[in-house]
Amino acid sequence: MAQRSRRTAFPRVVIERDTDTEESSSSSEEKKKKKKKVCKNTGHEAGFRGATYIDCPMKPCFLCKIPGHTTMNCPHRVATEYGVIPAPHRNTRNSLDYIFERQIRSDIPKIKPAFVIPDQVDCAVIRYHSRRVTCLEFHPTSNNVLISGDKKGQLGVWDYGKVYEKTVYGNIHSCILNNMRFNPRNDGTLYAASSDGTISCTDLETGTSSSLMNLNPNGWQGPRNWRMLYGMDINLEKGLVLVADNFGFLYLVDFRSNHKTGEAILIHKKGSKVVGLHCNPVQPDLLLSCGNDHFARIWDMRRIETGSSLYNLAHSRVVSSAYFSPQSGCKILTTSLDNRLRVWDSIFGNLDSPSREIVHSHDFNRYLTPFRAEWDPKDPSESLAVIGRYISENYNGAALHPIDFIDTSTGQLVAEVMDPNITTISPVNKLHPRDDILASGSSRSLFIWKPREKSEIVQQRDEKKIVLCGMGELKRNRKLGDESDDSDDDTFCSKGKNSSFKKSKTKTTRCSLKAKR
DNA sequence: AAGATATGTTCCC
DNA sequence: TGGGAACCCTATCT
């Protein structure tokens, strides 16, 4: 592994809840004893040996799901681009395609600026939410404001520029907050879709909330009748909030009148969850949906009824996210529980099969928020995507779960970002729409990542595969919360005492959204 | 410090 | 088609 230079600025960290210390690191001998038996054969082992996980040889590879080898020697583990086939050449049919020809065809020189990777923890709020974080959104106009939702339905507003300006609203939803979108006409208010079956509209300054829709007006009538909202997006041109439920139905709500328009439309297999909705950023008539029926589907908003989808993009398992590319809206990126990212290079081309399938570990785990690969909204080539990684890698003796940056045009791993202090999986990741900032949600905590010095990045990129660590050199063997609780000073910055995420008591202060730009 | 539990999807009967 | 066990590279609370 490349030796990294010592960080120059310490992150600013807020520890929200002063609970008992993390589980202590049990010795490797203890861990050896705890090896799990996953098949009946004696002599087979499965479990951690130190920071390395050993597979049971009877099981198919945990990463690519193909039998015949174990995860340790899976070719996809060595190189993410392994087995990724370049998209076949198509005839140009559309003026926009000319631009994409450059990105797709190998014989045309690519115009691809260097990727900027936010790889160093700048500040964090530890144990901010009371349950795991489920979604993140940057404020559209106030820089430095991050909105977060959690499994309990709570909504966090954090000004990470002023690290201690944060608040959590707890009375908006009663269970999982699945998706959030800002009101495009008033960026002080936010829509959220929850498993409690309601869409909320919240004033972020005051926390006052109204309900746009409630699918369970009569309360709990048993699991057969309880409807949960998952996918959500906003169509500004049509003045609609779009939401989808766990039974396969789409609902359209006019956000000017707050009235449901028309009846619910079955857009996925009846009884299956629709987890994602995305309106095309360029063509307002195009809608993309995905869900548990193993399909992502493209729809024409002008005529949307059961079975009227324009295309059905087949996957072998549940599709946990599907997004049009952020600038041209021409590409599609999906995340599926078969441990593959799929890319369609042009919605004007042949959609029968994806242009690329990239094997990547983002398996479903019932205890985690589902992973969703998201485009970098700032990348003009529309190829960089970010997604957290499920399986751990042994980094200097610590099992860490990095956040991966993947070039979806080649399948290559551009960067894996991790920090030795973050031992939990980071399934929720959001790239800032304007700044070179990554926000990640890991368990109950939030992290803000910024790029380290540019010169360092260039230097590291020359080493082909970048392995980036923040803060690690100082505290490699220390664990979170390990230190004595000797300070009331809860700000940790470049002039702070040390870099570790330290326990301290903090006060929650309200975050002002009247920004400062 | 070990054990319970929450939790979603798949698979099998 | 529906119910229940299996999954078993988690995190937290008791």
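You'll find chain A entered in an unreviewed UniProt entry as UV-damaged DNA-binding protein 2, with Liquidambar formosana given as the organism. The UniProt entry for chain A carries the following text under Sequence similarities (unreviewed entry): "Belongs to the WD repeat DDB2/WDR76 family."

What follows is about the sheet that holds strand S22 (residues 319–324). Here we have four strands laid out as an open sheet, ordered S22-S23-S24-S25, and antiparallel in their pairing. In this open sheet, the two strands that pair with only one neighbour each are S22 and strand S25 (356–359). Ignoring strand direction, the axes of neighbouring strands in this sheet form an average angle of 15°. For strand S24 (residues 340–344) and S25, the ladder comprises four bridges, and the chain directions are antiparallel. Each bridged residue has a counterpart across the sheet, and for Val343 the counterpart in S25 is Arg356.

Around DNA strand B, the neighbouring residues are Lys151, Lys273, Asn292, His294, Arg317, Val318, Phe364, Arg366 and Tyr367. Each atom of DNA strand B within 4 Å of the protein belongs either to a base or to sugar and phosphate, the latter forming 53%. At 2.8 Å, a side-chain N or O of Lys273 approaches a phosphate oxygen of DNA strand B. Asn292 places a polar side-chain atom, nitrogen or oxygen, 3.0 Å from a phosphate oxygen of DNA strand B. Here the residues of the surface near DNA strand B are counted per class, giving three nonpolar, two polar and four charged.

This brings us to the confidence of the model for chain A. Averaged over all residues, the pLDDT of chain A is 78; the fraction at 70 or higher stands at 75%. Low pLDDT, under 50, characterises residues 18–38; the predicted model gives this stretch 24 contacts beyond four residues in sequence or across chains. Contacts for the low-pLDDT stretch residues 455–500, under 50 throughout, to residues beyond four places or in other chains number 107 contacts.

Right, let's get into the protein's contact with DNA strand C. In the region of DNA strand C, 15 residues are neighbours, and Lys59, Thr71, Arg366, Ile391 and Ser443 sit closest. A breakdown of the atoms of DNA strand C within 4 Å of the protein gives sugar and phosphate a share of 58%. In the environment of DNA strand C, a base nitrogen lies 3.2 Å from a nitrogen or oxygen atom belonging to the side chain of Thr71. Here a base nitrogen of DNA strand C and a side-chain polar atom of Arg366 are 2.5 Å apart. Looking at side-chain class alone, the surface near DNA strand C contains five nonpolar, five polar and five charged residues.

Glancing now at the layout of surface pockets. Space inside the second largest pocket adds up to approximately 1000 Å³. What lines the second largest pocket is a set of 28 residues, and nearest its centre among them are Glu137, Arg181, Asp233, His278 and Pro281. Of all the elements in the fold, those that place two or more residues in the lining of the second largest pocket are strand S5 (133–138), strand S9 (177–182), strand S13 (229–235), strand S18 (274–279), S22, strand S26 (374–375) and strand S32 (428–431). Considering every element that reaches the lining of the second largest pocket, the biggest residue donor is S13, with three residues. When the residues that make up the lining of the second largest pocket are grouped by side-chain class, the tally is 17 nonpolar, five polar and six charged.

The next thing to look at is the nonpolar core. Of all hydrophobic cores here, the largest spans 19 residues; its most connected members are Ile117, Phe405, Leu438, Phe447 and Trp449. Listed in part, the 17 residues of the second largest apolar core include Cys123, Val125, Val163 and Ile437.

Take the environment of Asn171 next. Positionally, Asn171 belongs in the loop between strand S8 (165–169) and S9. Overall, Asn171 belongs to the exposed group, its relative accessible area being 65%. Distance from Asn171 to Pro326, taken between C-alpha atoms, is 33 Å for residues 155 residues apart in sequence.

Right, let's get into the sheet that holds S8. With respect to topology, four strands assemble into an open sheet ordered S5-S6-S7-S8, the strand pairing being antiparallel. Two strands lie at the open edges of the sheet, namely S5 and S8, each paired on one side alone. This sheet shows a mean twist of 15° between the axes of neighbouring strands, independent of strand direction. Pairing between strand S7 (residues 155–159) and S8: five bridges, direction antiparallel. What sits directly across from Leu155, in S8, is Tyr169.

Right, let's talk about empty space enclosed by the protein for a bit. One pass over the structure, following the stated rule, counts six cavities of 30 Å³ or more. Lining the largest cavity are 15 residues, and of these Cys135, Leu136, Arg372, Glu374 and Lys430 sit closest to its centre. Breaking the lining of the largest cavity down by element, the ones donating at least two residues are S5, S9 and S32. Sort the elements by how many residues they give to the lining of the largest cavity and S5 lands first, with four residues. Taken together, the residues of the lining of the largest cavity sort by class into seven nonpolar, three polar and five charged.

This model, assessed by the stated rule, comprises five aromatic pairs. When the centroid spacing of 5.7 Å and the interplanar angle of 50° are considered together, the rings of Phe62 and Tyr390 count as tilted. Highlighted residues: Phe62 in the loop between strand S3 (52–54) and helix H2 (75–78) and Tyr390 in the loop between strand S27 (384–388) and strand S28 (393–395), separated in sequence by 328 residues. What makes Tyr390 buried here is its relative accessible area of 15%. Seen in terms of ring centroids, Phe371 and Tyr390 are 6.4 Å apart; in terms of plane orientation they differ by 45°. Their pairing is tilted.

What follows concerns the pairing of strand S23 (residues 332–336). Successive residues of a regular strand alternate their side chains across the two faces of the sheet. A large share of S23 lies buried, amounting to five of its five residues. Across the two faces of S23 the burial is the same, with Ile332, Thr334 and Ser336 and Leu333 and Thr335 all buried. Two elements, S22 and S23, share five bridges in a ladder whose sense is antiparallel. What sits directly across from Val319, in S23, is Ser336. In this structure, S23 lies alongside S24, joined through five bridges in antiparallel fashion. Bridging from a neighbouring strand, Thr335 pairs with Leu341 of S24. Counting the residues that bridge the hairpin from S23 to S24 gives three residues, and of these Asn339 lies at a positive phi of roughly 65°.

Conventions we followed
- Position numbers for residues start from 1 in each chain and track the written sequence from start to end.
- For this description, chains carry letters from A and ligands carry numbers from 1, given in the order in which they are written.
- Totals for whole chains, interfaces and linings use all residues, but because this is a predicted model, local features are given only for residues with pLDDT of at least 70 and pairs of side-chain atoms are given and counted only at 80 or more.
- Here the side-chain values reflect all heavy atoms present in the structure, with hydrogen atoms and water set aside.
- UniProt positions are given in the numbering used here, feature names are shortened, and annotations may be inferred rather than shown by experiment.
- Two strands make a pair as long as DSSP finds a minimum of two bridges between them.
- The helix count covers DSSP runs of H or I at least four residues long, the strand count covers runs of E at least two residues long, and both are numbered beginning at the N terminus.
- Convention adopted: a line fitted to C-alpha atoms gives each axis, helices being fitted over their contacting stretch, and angles between N-to-C directions are expressed from 0 to 180 degrees.
- Residues are labelled near a given molecule or strand when at least one of their non-hydrogen atoms is within 4 Å of it.
- Think of a polar contact as two N or O atoms within 3.5 Å of one another; within protein, one of them needs to be a possible hydrogen donor and the other a possible acceptor, and neighboring residues in sequence only count if both atoms come from side chains.
- Here the term charged refers only to Asp, Glu, Lys and Arg, the term nonpolar to Ala, Val, Leu, Ile, Met, Phe, Trp, Tyr, Cys and Pro, and the term polar to all other amino acids, Gly among them.
- For every residue, the predictor assigns a confidence score, pLDDT, that lies between 0 and 100.
- When checking whether two residues touch, look at their non-hydrogen atoms; a contact exists if any pair is within 4.5 Å.
- Throughout, the protein atoms alone are placed on a 1 Å grid, and a set of points is a cavity if a 1.4 Å probe fits but cannot get out or a pocket if it is open with protein on both sides within 12 Å along at least five of seven lines; lining residues have an atom within 4 Å of a point.
- Grid points are joined across faces, edges and corners, and a volume is the space filled by probe spheres set on the points.
- We define the nonpolar core as a collection of buried residues of types Ala, Val, Leu, Ile, Met, Phe, Trp, Tyr and Cys that are connected through side-chain atoms lying within 4.5 Å of one another.
- Only protein chains enter the calculation, and the probe is 1.4 Å; a residue is then buried if its accessible area is under 20% of its type maximum, exposed if over 50%, and partly exposed in between.
- Only Phe, Tyr and Trp rings are paired, with Trp represented by its six-membered ring, and only when their centres lie within 6.5 Å; those with planes under 30 degrees apart are stacked, over 60 edge-to-face, the remainder tilted.

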